[in-house]
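# A closer look at the structure
Listed below, chain by chain, are the residues.
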Amino acid sequence: MTFQQFVFYFLAAILVFAALRVITARNPVHSALFLVLAFFTSAGLWLLLEAEFLAITLVLVYVGAVMVLFLFVVMMLDINIDRLREGFLRWFPFGAVLALLMVTEMGLVLWGKYFQPDSMPAPAARPADYSNTKELGRVLYTDYVYPFELAAVVLLVAIVAAIALTLRRRKDTKYVDPAKQVMVRREERVRLVSMPAEKKSEA
């Protein structure tokens, strides 16, 4: 076993352990912290695959922004854990089938090289000045430009839907009409009172 293989299996074991702890930890804060560990180990695996740009993007975007937001929401909200676990047994069969399907798909991807013909050539070695960031941008905006634009439209629809759900009218919410604010006159809001500058003392 080479050193690179040892590092891969070591990071993969940590990743699997962190992923299991994300769904088995009782404390939501601990689950979020284990998810941070999973992101870091995934970034390490991407570094082994020579995808430095994706690795640093995962650390900066997900660990630096998304997980901070998750921790902020989890720690600020009073989440009723017992109520969230009421439907666990009801949805457990569906979750188990879905997990089995995902494990099967990942197994086929990892062991796919045994089903490939022997005539398939090995990937060519990259030169020293090879930039995976440039190659990623070229492939993303040429070969996969339509799926990329479709994903952008889906995210835009999700953002608009989230804003629409947040801005729905509630009975206990006070609203301000900007049109009425603009039409307000000075005489209705300001009253000038004439007062003497000095008060004469009575001798």
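Within each chain, residue numbers correspond to sequence positions counted from 1 in written order. Note on the predicted model: pLDDT of at least 70 is required for a residue's local features to be given, and 80 or more for side-chain atom pairs to be given and counted; whole-chain, interface and lining totals, by contrast, use all residues. Only hydrogens and water are set aside; all other atoms, that is, all heavy atoms of the structure, feed into the side-chain values.

### Details of the overall build of the protein chain
- A tally of helices and strands in the protein chain yields 9 helices and 0 strands.
- Secondary structure elements follow DSSP: runs of H or I no shorter than four residues count as helices, runs of E no shorter than two count as strands, and numbering proceeds from the N terminus. Mapped from its N terminus to its C terminus, the protein chain presents α and β elements in the order α-α-α-α-α-α-α-α-α.
- Relative to its full complement of 203 residues, the protein chain shows a buried share of 11%.
- Computed with the Shrake-Rupley method and a 1.4 Å probe, the accessible areas treat only the protein chains shown as cover for residues. Looking at the protein chain as shown, the accessible area adds up to about 18,500 Å², and 68% of this sits on carbon and sulfur atoms. For every residue, the accessible area (1.4 Å probe, protein chains only) is compared with the maximum for its type, and the residue is labelled buried under 20%, exposed over 50%, or partly exposed between those bounds.

### Side note on the packing of helix α3 (residues 52-76) against helix α6 (residues 132-140)
- Only C-alpha atoms enter the line fits that serve as axes; for helices the fit covers just the stretch in contact. Angles between N-to-C directions range over 0 to 180 degrees. As a packed pair, α3 and α6 sit with axes 8 Å apart at the nearest point and diverge in direction by 85°. Classified by the interaxial angle, the pair formed by α3 and α6 is roughly perpendicular. Contacts between α3 and α6 involve Glu52, Phe53 and Leu54 from the former and Asn132, Thr133 and Leu136 from the latter.
- When residues are sorted by character, Ala, Val, Leu, Ile, Met, Phe, Trp, Tyr, Cys and Pro go into the nonpolar class, Asp, Glu, Lys and Arg into the charged class, and all the rest, Gly among them, into the polar class. Of the residues in the contact of α3 with α6, the class split is 3 nonpolar, 2 polar and 1 charged. Orientation categories follow fixed angle ranges, with anything under 35 degrees roughly parallel, anything over 145 roughly antiparallel, 65 to 115 roughly perpendicular, and all other angles oblique. By definition in these notes, contact holds between two residues if any of their heavy atoms fall within 4.5 Å.

### Description of the UniProt feature "transmembrane region" (unreviewed entry) in the protein chain
- UniProt's feature table lists "transmembrane region" (unreviewed entry) at residues 6-24, 31-49, 55-79, 91-111 and 144-167, given in the numbering used throughout.
- Annotated as 95% helix and 0% strand, the span residues 91-111 places its first and last C-alpha atoms 30 Å apart. UniProt positions are given in the numbering used here, feature names are shortened, and annotations may be inferred rather than shown by experiment.

### Considering the packing of aromatic side chains
- Within 6.5 Å between ring centres, the rings of Phe, Tyr and Trp (the latter by its six-membered ring) count as paired, and their orientation is classed by plane angle as stacked under 30 degrees, edge-to-face over 60, tilted in between. This model, assessed by the stated rule, comprises 5 aromatic pairs.
- When the ring of phenylalanine 6 is compared with that of phenylalanine 10, the centres are 6.3 Å apart and the planes differ by 20°; the resulting orientation is stacked. Taken together, the residues phenylalanine 6 and phenylalanine 10, both in helix α1 (residues 3-24) and 4 residues apart, mark about one turn of the helix.
- Phenylalanine 10 sits in the partly exposed class, given a relative accessible area of 47%.

### Here's the deal with a nonpolar patch on the surface
- Together, Trp46, Leu49, Phe53, Leu54, Ile56, Leu60, Val61, Tyr62 and Leu136 line one region of the surface with nonpolar side chains, adding up to about 820 Å² of accessible area.
- The greatest single-element share of the nonpolar patch, amounting to 6 residues, is contributed by α3.
- Mapped onto the fold, phenylalanine 53 is located in helix α3. What makes a patch is a set of residues exposed beyond 30% relative accessible area and free of salt bridges, joined within 9 Å when like-charged and within 5 Å when nonpolar (Val, Leu, Ile, Met, Phe, Trp, Tyr). The salt bridge criterion pairs a side-chain nitrogen of Lys or Arg with a carboxyl oxygen of Asp or Glu, the two atoms within 4 Å.

### Things to note about the nonpolar core
- What is meant by a nonpolar core is a set of buried Ala, Val, Leu, Ile, Met, Phe, Trp, Tyr and Cys residues, joined one to another through side-chain atoms within 4.5 Å. By size, the foremost hydrophobic cluster in this structure holds 9 residues: Ala32, Val36, Phe39, Ala43, Ala55, Leu58, Val63, Met67 and Leu71.
- Among the secondary structure elements, those contributing two or more residues to this core are α2 (28-48) and α3.
- Among the elements that take part in this core, α3 stands out by supplying 5 residues, more than any other.

### Digging into the side chain of serine 31
- The residue serine 31 is located in helix α2 in this model.
- Given a relative accessible area of 13%, serine 31 falls into the buried group.
- Among the polar contacts listed, one links the side chain of serine 31 to the backbone oxygen of valine 22, at a separation of 3.1 Å.
- Those residues in contact with serine 31 that lie beyond four places of it in its chain are Arg21, Val22 and Ala25. N or O atoms within 3.5 Å of each other form a polar contact, as long as, within protein, one can give a hydrogen and the other can take it, and as long as residues adjacent in sequence are counted only when both atoms are side-chain atoms.

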